[in-house]
Amino acid sequence: MAQHPVVLCLQDTTELDFNGQEIEGLGPLSYEAQRGMYLHPTYAVTPEREPLGVIDAWMWAREAKAADGSRPGISESTRWIEGYERVAETAAGMPQTRLVYVADREADIVGLMQRAQALGTPADWLIRAKHNRCLPQGGKLWAATLAESPLGEIEFTLASRHGQPKRIVRQQLRSHAVDLPAPDTDGRHVSVTCLIATEIGAPAGCKPVEWRLLTNRKVAGLEAAVELIDWYRCRWEIETLFHVLKNGCRVEALQLGSQSKLELALAVYRVLSATLHEIAEAVW
């Protein structure tokens, strides 16, 4: 990682379904009757999408819901905040490399932004927005961003996915910097920039591609905005890692006796999956 000026630290969660297997310590998945566990790694890649490896991972099995519908145990949202903390610790050891924490909508948590700000933001963060937050002066964040003058446009090829063929996407970019009020603080705010990329001229029958992103970074102009969009587009690499792990290494077919043994096996398979991904990228 230290050989590169910028390293993207991608985070996401995937389900590992071991339904029907007699493995001790498993818990429910999306459906309460399913049995399995969750994996939440931090995958390091360059902005050119060169895989560098897995630098951290949460693994856990959920507890069953209580009678009132609540789920006991530590809040699962903690994994996003602790994930940033591990990236921040890594950043401290390589001051010549800019680390960027990149995550999808589930990481849109004010507590994560607060924690990053409290640490002095040793690593940048770039998160897809889930919540259209109220602004201190009134109005909503997304509307305020879309009211800004366009910075310019970006054009790229969107890879085929979900049964849709690859196609050219052209987006118009707008940004808006704001101080968001942080809950449970003494009047302190979290400084963020909202960047919205809206597709223009989408083909008939195709849903326009629109991304609403939040970041600690300032967007001074089109070049800075395009860089952030390019970084966010790399987030798909962690989906490729999960694909290799599940379909290439077939980890969900492992027949081990307990969750603890699965975690040991997954530690090895994460390394193997990242290596296979790197080989595949070199061949392609």
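Residues numbered from 1 in each chain as written. Predicted model: local features only at pLDDT ≥ 70, side-chain atom pairs only at ≥ 80, totals over all residues. Heavy atoms only, no water.

Caption draft 1: Seen up close, the packing of aromatic side chains. Taken as a whole, this structure holds five aromatic pairs when the rule is applied. For the pair Tyr38 and Trp60, a centre-to-centre distance of 5.4 Å together with 15° between the ring planes defines the contact as stacked. Pair noted here: Tyr38 is in strand β4 (residues 35-45) and Trp60 is in strand β5 (residues 51-60), with a separation of 22 residues, a long-range link. This pair shows no difference in class: Tyr38 is buried, exactly as Trp60 is. Judged by centre distance (5.7 Å) and plane angle (10°), the ring pair of Phe156 and Trp211 falls under stacked. You can see Phe156 sitting in strand β8 (residues 152-158) and its partner Trp211 sitting in strand β11 (residues 210-215), a full 55 residues away along the chain. Following the ring pairs from residue to residue traces out a cluster consisting of Tyr38, Trp58 and Trp60. Lying over the aromatic face of Trp142, Arg212 brings its terminal NZ or CZ to 4.1 Å of the ring centre. (Phe/Tyr/Trp six-rings, centres within 6.5 Å; stacked < 30°, edge-to-face > 60°. Helix = DSSP H or I, 4+ residues; strand = E, 2+ residues; numbered from the N terminus. Buried < 20%, exposed > 50% of the residue type's maximum accessible area, 1.4 Å probe, protein only. Lys NZ or Arg CZ within 6 Å of the ring centre and 35° of its normal.)

Caption draft 2: Broad picture of the nonpolar core. If you look at the biggest cluster of nonpolar residues, it comprises 34 residues, and the most contacted ones within it are Tyr84, Leu99, Tyr101, Leu112 and Trp125. Contributing elements (two or more residues each) for this core: β1 (6-11), α1 (78-92), β6 (98-103), α2 (110-118), β7 (124-128), α3 (141-146), β9 (167-181) and β10 (189-199). At five residues, α1 tops the list of elements feeding residues into this core. Those residues within four positions of Tyr101 in sequence are excluded, and the remaining contacts are Cys9, Gln11, Trp80, Gly83, Tyr84, Val87, Ala107, Leu112, Asp124, Trp125, Leu126 and Ile127. In terms of nonpolar packing, the next biggest core, distinct from the first, is built from 29 residues, Leu158, Ala197, Tyr232 and Ala274 among them. (Core = buried A, V, L, I, M, F, W, Y, C linked by side-chain atoms within 4.5 Å. Contact = heavy atoms within 4.5 Å.)

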